[in-house]
Amino acid sequence: RGFGRIVRRGSTRASATNDHTIKIDARGLDPRSTYHYRFRALGEISPAGTTRTAGEGNADAPVRFGLVSCSNFEGGYFSAYGHLADRDDLDFIVHMGDYIYEYGPGDYGPGGEIGRVHQPDHEIVSLSDYRIRHAQYKTDPDLQALHASFPIISAWDDHEVTNDTWREGAENHQEGEGDFTTRRDRAYRAYFEWMPIRLPAQQTAPTRIYRSFRFGRMADLHMLDTRQYRDEQVSGQTDQARNDPERTITGDAQMRWLKKGMSSGRARWRLVGNQLMITPWRAVAPTIPFNIDAWDGYTADRLELLQHISDREIDNTVFLTGDIHTSWANEVPIDENTYPVTAPAAVELVGPSITSDNLDEIAGSPPRTTSIPLEAGIMADNPWVKDVELDSHGYAVAEASKDRLQMDWYFITDRTDPKSDQSHSHSWQIQSGSTRLSEADRPI
């Protein structure tokens, strides 16, 4: 911590080509170990950062991590990041996307009312626009503190480009905003420049981010990309094209990679970083899905993956999900019509948004009022949903150990308060070898 023993050092040059960002891949470090790092440039010394390595070391040690997503700068202050940064017991943070938002000032959230206004002052489209937006988010002191406290394993969702992206377009890509693929590639370039993520192979897969991490014999983490390779979303909730076996959310290559990685893994827990909810969510009528931008709109891919998990008896699969701005604890059924007689294939744990609008803000209702009967209705219509909370912002913390995996949800009091308090809300657990959730008595 005091930099009295330097184990690795080196030099590199920043330039405008990469927006004055740099990538340092420190080799030769011990696995499952803590290191401190800093930078010197132009006579200045940066604040020190702390990180941990993954790998095979300390193979049977528990793995503890944070889960975050959906951090809209104009949505409020990032106090949830700050509370996470104050912890000293985490191995890493999983960020499941919507790290930035593309909208112009005042388009989404109360930013102008609290003095947090997006830069540049329009929806971002050009490479310069995306770079400026990333740089603005990095000025937030709570986000800075989080990056300086833990390694962050991240994946993009849609707002890193624009809302509801798919392979060849997006809901929020309009006529007059140029070619979509050009816009997407600009957004991806800025993401690779500004985020702590290794650059993919430039010759073979220059925008690939699906990848795996190993944490001893305790956990493998497979990070997905459910945006870049997907077919266009179906036209509506009753559109039966969502069941078309030719439609994909992952793309064929990624699906093969995921199935192979899950089959060949020898860790006790298989964690899947998953942008969009994989659990079925019925609404309006027993057979109508609500969220067709998620796996409910691509049921063939979902069935292929869940059947693979079930047929090969791949135990202890846990999907770690963001996107939906709300908190869920789900058992993931292979066939919702035979649940609970047929055991679920996995569980899914969904973390809340850092600041992005959830139900009470979208509906304009006081917190914990209209949401309460809706939550009860969701669980009644979807019995595999064991818990759902639609109003609160915050984060989640999970620990994978020999006997169980537990997740704790923490909610902040007020997203518009930079010093917002937090409190533990609830905890759920899955015992090793089971696919059933149960409430935990206390936080980790």
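Residues numbered from 1 in each chain as written. Predicted model: local features only at pLDDT ≥ 70, side-chain atom pairs only at ≥ 80, totals over all residues. Heavy atoms only, no water.

Overview of the packing of helix H3 (residues 127-137) against helix H5 (residues 180-194)
Stage number 1. With their axes 9 Å apart at the nearest point, H3 and H5 run at an angle of 35° to one another. The chirality of how H3 crosses H5 is right-handed. Facing Leu127, Tyr130, Arg131, His134 and Ala135 of H3, the residues of H5 in contact are Arg183, Arg186, Ala187, Arg189, Ala190, Tyr191, Glu193 and Trp194.
Stage number 2. Looking at side-chain class alone, the contact of H3 with H5 contains seven nonpolar, one polar and five charged residues. (Axes fitted to C-alpha atoms, helices over the stretch in contact; angles between N-to-C directions. Helix = DSSP H or I, 4+ residues; strand = E, 2+ residues; numbered from the N terminus. Left-handed = near helix turned anticlockwise from the far one by under 90°. Contact = heavy atoms within 4.5 Å. Nonpolar A, V, L, I, M, F, W, Y, C, P; charged D, E, K, R; others polar.)

Some words on the sheet that holds strand S22 (residues 437-439)
Stage number 1. Here we have seven strands laid out as an open sheet, ordered S7-S6-S5-S19-S20-S21-S22, and mixed in their pairing. The open sheet has two edge strands, strand S7 (152-154) and S22, and neither has a second partner. The average angle at which neighbouring strand axes cross in this sheet is 25°, direction not considered.
Stage number 2. The pairing of strand S19 (residues 394-400) with strand S20 (residues 404-412) spans seven bridges and is antiparallel. Residue pairing for S20: Glu399 is matched across the bridge by Gln406. (Pairing = 2+ DSSP bridges.)

Quick notes on unusual backbone geometry
Stage number 1. Here Gln119 and Pro120 are connected by a cis peptide whose omega angle stands at -10°.
Stage number 2. If you trace the backbone, Pro120 turns up in the loop between helix H2 (111-114) and H3.
Stage number 3. Cis geometry is found at the peptide bond from Tyr339 to Pro340, where omega equals 5°.
Stage number 4. As for its position among the elements, Pro340 is in the loop between strand S16 (327-332) and strand S17 (346-350).
Stage number 5. Despite not being glycine, Asp164 shows a phi value in the positive range, around 55°.
Stage number 6. Of note, Asp164 is situated in the loop between S7 and strand S8 (165-166).

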